[in-house]
Amino acid sequence: MSRSKTSSKIEVRQSGIHGKGVYATRRIRKDSAIIEYTGERVSEDEANERYQDNPSTYLFMVDDDTFIDGLSGGNEARFINHSCEPNCVAYLEDDRVVIHALKNIQPGVELTYDYQLTDEGEGSDATPTDYTCRCGARRCTGTMKGREA
Ligand SMILES: C[S@@+](CC[C@H](N)C(=O)[O-])C[C@H]1O[C@@H](n2cnc3c(N)ncnc32)[C@H](O)[C@@H]1O
Ligand SMILES: [Zn+2]
């Protein structure tokens, strides 16, 4: 199993959900901040251009015209997968996106948050075209889109 260098509480390795994922290496307490989703901040137009040049799913939509490109200066947070029954949540703190624990998380458990993808970006090429969810949760909705989408 491939592993990469990460902060002390988490590690990146192959996921049962998709590709690489992020796993707890220690117990993580409910409500604690785990990691900031870092990367270069770009406009929607710039995100679209980057996506066309190099399709990636590491573009976190902060608001209508701000994306964080996890491929440019990003950290392990970009590997956190989506789940319909997540144990984490992405909060906007001022202008930073920070992943927090929604519950106590035991070592070895994969970290997930609800991407709540919307159709809004569908005209934009900086969003994935396949929204099918494979989180495996008992109440999986089958899609990574949010209820409002
Ligand atoms: C930010 S990446 C997450 C890291 C990704 N697993 C990797 O190895 O690069 C987001 C992409 O991972 C995939 N993904 C994440 N959660 C998923 C899920 N629950 N079901 C299916 N694909 C998922 C989708 O392709 C999505 O666009
Ligand atoms: Zn699901």
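Above: the structure in question.
Presented here is a report on the structure given in the accompanying data block. Because the structure is a prediction, the values reported are computed rather than measured.

Description of the overall build of the protein
- In terms of regular secondary structure, the protein is built from one helix and eleven strands.
- The helix and strand sequence of the protein, counted from the amino end, reads β-β-β-β-β-α-β-β-β-β-β-β.
- A total of 149 residues make up the protein; the buried ones form 40% of that total.
- For the protein, restricting intrachain contacts to residue pairs at least 6 apart in sequence, the fraction spanning at least 24 positions comes to 61%.

Some details on the coordination of the zinc ion (ligand 2)
- Distances from the zinc ion (ligand 2) to its protein donors, Cys84 (SG), Cys133 (SG), Cys135 (SG) and Cys140 (SG), fall at 2.2 to 2.4 Å.
- Given four donor atoms and angles of 105 to 113 degrees at the metal, the environment of the zinc ion (ligand 2) is assigned as tetrahedral.
- In primary-sequence terms, the residues that donate to the zinc ion (ligand 2) follow C-x48-C-x1-C-x4-C. Summarising the burial analysis for this pair, cysteine 133 and cysteine 135 share the class buried.

A few points about the site of ligand 1
- Among the 17 residues in the neighbourhood of ligand 1, the closest are listed as His18, Lys20, Tyr58, Asn81 and Arg134.
- In the environment of ligand 1, an oxygen atom lies 2.4 Å from a nitrogen or oxygen atom belonging to the side chain of tyrosine 58.
- Here ligand 1 loses 91% of its free accessible area of 580 Å² to cover by the protein chains.
- The class makeup of the residues in the shell around ligand 1 is eight nonpolar, six polar and three charged.

Brief notes about the layout of surface pockets
- One number sums up the size of the second largest pocket: a volume of about 320 Å³.
- If you go around the second largest pocket, you meet 14 residues; those closest to its centre are Cys84, Asp114, Thr141, Lys145 and Arg147.

Comments concerning the pattern of salt bridges
- Following the criterion strictly, the structure yields five salt bridges and no others.
- Glutamate 36 is the salt-bridge partner of arginine 96, the closest N and O atoms lying 3.1 Å from each other. Here arginine 96, found in strand E10 (residues 96-101), pairs with glutamate 36, found in strand E4 (residues 33-36); they are 60 residues apart in sequence, far enough to count as distant.
- In this structure arginine 96 comes out as partly exposed when scored by relative accessible area, which is 39%.
- Residue glutamate 46 pairs with arginine 50 through a salt bridge whose shortest N-O separation is 2.8 Å. Residue glutamate 46 and its partner arginine 50 are located together in helix H1 (residues 44-53), separated by four residues, close to a single helical turn.
- For glutamate 46, a relative accessible area of 29% translates into the label partly exposed.
- Overlapping salt bridges, with partners in common, bring together Glu40, Glu46, Arg50 and Asp69 in one network.

Section: the pairing of strand E7 (residues 66-69)
- Because side chains alternate across E7, one face comprises the buried residues Thr66 and Ile68, and the other comprises Phe67 and Asp69, equally buried.
- Summarising the sheet, strand E5 (residues 40-42) and E7 pair through three bridges and their orientation is antiparallel. Note that in E7 the partner of glutamate 40 across the bridge is aspartate 69.
- In terms of strand pairing, strand E6 (residues 59-63) meets E7 through four bridges, oriented antiparallel. Note on E7: the bridge partner recorded for methionine 61 is phenylalanine 67.
- From the end of E6 to the start of E7, which pair antiparallel, there are two residues.

Calculation notes
- Residues numbered from 1 in each chain as written.
- Chains lettered and ligands numbered in written order.
- Predicted model: local features only at pLDDT ≥ 70, side-chain atom pairs only at ≥ 80, totals over all residues.
- Heavy atoms only, no water.
- Helix = DSSP H or I, 4+ residues; strand = E, 2+ residues; numbered from the N terminus.
- Buried < 20%, exposed > 50% of the residue type's maximum accessible area, 1.4 Å probe, protein only.
- Contact = heavy atoms within 4.5 Å.
- Donors = N, O, S within 2.8 Å, 3.2 Å for Na, K, Ca; no water.
- Tetrahedral: all angles 85-135°; square planar, octahedral: opposite > 155°, others 65-115°.
- Near = heavy atom within 4 Å.
- Polar contact = N/O pair within 3.5 Å; in protein donor to acceptor, adjacent residues only side chain to side chain.
- Areas by Shrake-Rupley, 256 points an atom, 1.4 Å probe, with all protein chains shown as cover.
- Nonpolar A, V, L, I, M, F, W, Y, C, P; charged D, E, K, R; others polar.
- 1 Å grid on protein atoms, 1.4 Å probe; cavity = no way out; pocket = protein on both sides within 12 Å on 5 of 7 lines; lining within 4 Å.
- Points joined across faces, edges and corners; volume = space filled by probe spheres on them.
- Salt bridge = Lys/Arg side-chain N within 4 Å of Asp/Glu carboxyl O.
- Pairing = 2+ DSSP bridges.

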